[in-house]
Amino acid sequence: AKDELFRIDKVSCSLPEYMLYLTNVQNRYEDAFGAQIWKVDYQGMTLGDNVKDNVLARIARMKSVYLLALEKEVTLTEREETLLAQAAKTYVSSLSETEVEVLGVTEELVLQLYKENALADKVYQQIIAQVNPEISDDEARTITVEQIYRKTVSEDKDGNKTSYSADMKQAVLEQMEEVRQQAVDGASGFSELAGKYSEKEAIRISFKKGEMDVALEKVAFGLQTEEISPVFEAEDGYYLLKCISTFDRAETDANKLVLIEKRKNEAFRKEYDAFVENKARKLNEKLWQKVELNQTAGVDTKNFFEVYEECMKDF
């Protein structure tokens, strides 16, 4: 159809649907930063063009997940249908006559979008419900160490790295071994030695598994509190670590929540990617080239998403 912006398999997005999303996002930006924000360059394009692309991608993802919900025969309950109908009525009632006319919005169109979003949310929850929420303390723990680092590469102004010669690396290693001996003997405090010899600005660092160089993590997570590691090689240089803390209850519990969300998103992404891989996608390039941010005075709507989110609290 002439107002069909894109199609994914058997579902499509009309220009009024897209403009409803875009205008709400646009007005939220303007409300926070002012209308001049659209003149700002962002990664080689105007922020306006970037937002247009992001809104297109957002709707395309929602439509694709909605398709997945249809395939899995996910449905809305009668109560959910009623709540969404009330939400659609609430949103359309908030619009002025100018907004309804310019955007081409109807209660039926808003209700359909709310239903598609709700089914997409339901199938997401259905998929992630299968994820095992158990995360061990060891998997989630955060440790704190002090570090001494000496590099074994040089770097030019363009960021190109050149490894030290074997003799230069040996000299660095020997110096690090001497520093370790001073730390072990207690001749100097570890943090004092780090301040004197380390080529990294940060002396004390905290991290979780998966955040640092693999070789560094292997050594760090094997240390006991107050233990000093052997000198080891990782990340373009030699390291020496002292363990300050092997476990923090609050940090560990907080990280468990992060890891659970990561597992959920990975589980959903795996199924979603497999589903959309072979789905036919077509963008109406001619119509897309004509899409612009809404410049009509009096079109200030920005609560499309808030009305939906408020409705979903009662699901």
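One can find the structure itself at the top, above this paragraph.
Numbers given for residues are sequential positions, taken from 1 along each chain in its written order. In view of the model being predicted, local features appear only for residues whose pLDDT reaches at least 70, and side-chain atom pairs are presented and counted only at 80 or more, with totals across whole chains, interfaces and linings using the full set of residues. Hydrogens and water are ignored here; the side-chain numbers use all heavy atoms of the structure.

### Structural notes on the pairing of strand β5 (residues 142-151)
Here comes step 1: Extensive coverage of β5 is indicated by the burial of 8 of its 10 residues.
Here comes step 2: Should DSSP find at least two bridges between two strands, the strands are regarded as paired. Helix and strand labels come from DSSP, where a helix needs a run of H or I of at least four residues and a strand needs a run of E of at least two; each type is numbered from the N terminus. Two strands pair when backbone bridges link them, and β5 and strand β8 (residues 204-208) are joined in this way by 5 bridges, in the antiparallel orientation. Looking across to β8, one finds that Ile143 is bridged to Phe207.
Here comes step 3: Here 8 bridges tie β5 to strand β10 (residues 237-245), and the two strands are oriented antiparallel to one another. Note that in β10 the partner of Thr144 across the bridge is Ser245. A simple rule labels every residue: compare its accessible area, found with a 1.4 Å probe on the protein chains alone, to the largest value its type can have, and call it buried under 20%, exposed over 50%, or partly exposed in between.

### Thoughts on unusual backbone geometry
Here comes step 1: One non-glycine residue, Glu73, lies in positive phi territory at about 60°.
Here comes step 2: Relative to the helices and strands, Glu73 resides in the loop between α2 (47-71) and α3 (78-93).
Here comes step 3: In this structure Glu73 comes out as exposed when scored by relative accessible area, which is 67%.
Here comes step 4: With phi around 75°, Glu226 is a residue other than glycine that occupies positive phi space.
Here comes step 5: Along the chain, Glu226 falls in the loop between α9 (214-220) and β9 (232-234).

### Notes on the side chain of Glu80
Here comes step 1: In this fold, Glu80 is placed in helix α3.
Here comes step 2: Since its relative accessible area comes to 10%, Glu80 is described here as buried.
Here comes step 3: What makes two residues a contact is simply this: any of their non-hydrogen atoms within 4.5 Å. In this view, Glu80 contacts Thr75, Lys122 and Phe315; residues no more than four positions away in its chain are not counted.

### Some details on the packing of aromatic side chains
Two aromatic rings, taken as a pair, are described by how far apart their centres are and by the angle between their planes.
Here comes step 1: Stacked, tilted and edge-to-face are the three classes applied to pairs of Phe, Tyr and Trp rings, where Trp contributes its six-membered ring and a pair requires centres within 6.5 Å; stacked means planes under 30 degrees apart, edge-to-face means over 60, and tilted covers the rest. Counting across every chain of the model gives 14 aromatic pairs.
Here comes step 2: Each ring, one from Tyr21 and one from Phe305, has its centre 5.4 Å from the other, and the planes form 75°; the classification is edge-to-face. Note that Tyr21 is positioned in helix α1 (residues 15-33) and Phe305 in helix α12 (residues 304-312), a separation of 284 residues in sequence. One exposure class covers both Tyr21 and Phe305, and it is buried.
Here comes step 3: Here the aromatic rings of Phe268 and Tyr272 are separated by 5.8 Å at their centres, their planes lie at 25°, and the arrangement is stacked. With Phe268 and Tyr272 both in helix α10 (residues 249-276) and 4 residues apart, the pair spans about one turn of that helix.
Here comes step 4: Taking relative accessible area as the criterion, Tyr272 reaches 8% and is therefore assigned buried.
Here comes step 5: Through successive ring pairs, a cluster of aromatic residues spans Tyr21, Tyr91, Tyr114, Phe304, Phe305 and Tyr308.
Here comes step 6: Stacked on the ring of Phe305, the Lys or Arg Arg58 has its end atom at 4.2 Å from the ring centre. Lysine and arginine charges are scored as sitting over a ring when NZ or CZ, respectively, is within 6 Å of the ring centre and within 35 degrees of the ring normal.

### Digging into the pairing of β10
Here comes step 1: In terms of residue burial, β10 counts as a mostly covered element, since 8 of its 9 residues are buried.
Here comes step 2: Relative to β10, β9 is paired through 3 bridges, and the arrangement is antiparallel. Directly across from Ala234, in β10, lies its bridge partner Gly237.
Here comes step 3: Counted between consecutive antiparallel strands, the loop separating β9 from β10 contains 2 residues, among which Glu235 sits at a positive phi close to 50°.

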